[in-house]
Amino acid sequence: MLTENEFSILNTLRVTPATVQRDLSQKTGLSLGTVNSTVKLLESRKYLENSHITPLGVKALAPYKVDNAIILAAGTSSRFVPLSYEKPKGTLVVRGEVLIERTIEQLRAVGIDDIIIVVGYMKEQYFYLEEKYHVTLISNDDF
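Worth saying up front: this structure is predicted, and the values here are computed from it rather than measured.

Asks: I'd like to hear about the packing of helix 2 (residues 21–28) against helix 3 (residues 32–44), residue by residue, with values.
Replies: In the contact formed by helix 2 and helix 3, the axes pass within 9 Å of each other and the chain directions differ by 115°. The angle between the axes of helix 2 and helix 3 places the two elements in the roughly perpendicular class. Helix 3 is crossed by helix 2, and the crossing has right-handed handedness. Here helix 2 contributes Gln21, Arg22, Leu24, Ser25 and Thr28 to the contact with helix 3, which in turn contributes Leu32, Val35, Asn36 and Val39. Taken together, the residues of the contact of helix 2 with helix 3 sort by class into four nonpolar, four polar and one charged.

Written out as structure tokens, the structure reads:
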């Protein structure tokens, strides 16, 4: 089990390899002293070598990988009245993209394919997503 600091540094190095400790401090929000001591600890555990994450370090991050998502889209969007009388907020088009579709595509882009969408208000307008994106819809009639 990794501590929050260990996870933060390992994950940052996984995304941005060979970052110097000053950059790690800035990217993680940890003090330079905390970064220094945590990097030394991670190197002693063989999770890091020369500021690069090792296969053992990648393995240590594996339990924290997100592989599914739940999108809550059941509300009535009362702050969007009168727009929400015609369609639910998730189906609005912003800058040429349907909001819920953009969210699904962003999740897919980072490797999350198991997506559940909780629908309620005007749920019928979300049904097309099951076929188009192969997502699971769950109906919540108590919205």
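Asks: Any chance you could break down the packing of aromatic side chains for me, citing the residues and the numbers?
Replies: Per the stated rule, a full pass over the model turns up one aromatic pair. Look at Phe7 and Tyr64: their rings are 5.3 Å apart centre to centre, the planes differ by 55°, and that puts the pair in the tilted class. With Phe7 in helix 1 (residues 4–15) and Tyr64 in the loop between helix 4 (55–61) and strand 3 (68–73), this residue pair connects regions lying 57 residues apart in the sequence.

Asks: Could you give me a rundown of the pattern of salt bridges, with the residues and numbers involved?
Replies: The full count for this structure, using the stated rule, is five salt bridges. Put simply, Asp141 and Lys123 hold a salt bridge, and the shortest N to O gap is 3.0 Å. Of this pair, Asp141 sits in the segment after strand 7 (136–139) while Lys123 sits in the loop between strand 6 (114–119) and helix 7 (128–133), placing them 18 residues apart in sequence. Residue Asp141 is classed as exposed on the basis of its relative accessible area of 59%.

The rules behind these values
Residue positions are given per chain, counted from 1 along the sequence in the order it is written. Residues qualify for local features only when their pLDDT is at least 70, as the model is predicted, and side-chain atom pairs are given and counted only at 80 or more; totals for whole chains, interfaces and linings, by contrast, use all residues. Neither water nor hydrogens contribute to the side-chain values; these are computed over all heavy atoms in the structure. Lines fitted to the C-alpha atoms define the axes, with helices restricted to the stretch that makes contact. Angles between their N-to-C directions range from 0 to 180 degrees. Here a helix means four or more residues in a row that DSSP labels H or I, a strand means two or more in a row labelled E, and each is numbered from the N terminus. Convention used here: angles under 35 degrees read as roughly parallel, angles over 145 as roughly antiparallel, angles from 65 to 115 as roughly perpendicular, and any remaining angle as oblique. Each helix crossing is assigned a hand: it is left-handed if the near helix lies turned anticlockwise from the far helix by less than a right angle, otherwise right-handed if that turn is clockwise. Note on contacts: a residue pair is in contact if any heavy atoms of the two residues lie within 4.5 Å. The nonpolar class holds Ala, Val, Leu, Ile, Met, Phe, Trp, Tyr, Cys and Pro. Asp, Glu, Lys and Arg form the charged class, and all remaining residues, Gly among them, are polar. Aromatic pairing here means that ring centres of Phe, Tyr or Trp (its six-membered ring) are within 6.5 Å. Orientation follows from the plane angle: under 30 degrees is stacked, over 60 is edge-to-face, and everything else is tilted. Whenever a carboxyl oxygen of Asp or Glu lies within 4 Å of a side-chain nitrogen of Lys or Arg, that contact is scored as a salt bridge. Exposure categories follow from relative accessible area, calculated using a 1.4 Å probe and restricted to protein chains: below 20% of the type maximum is buried, above 50% is exposed, and the middle band is partly exposed.

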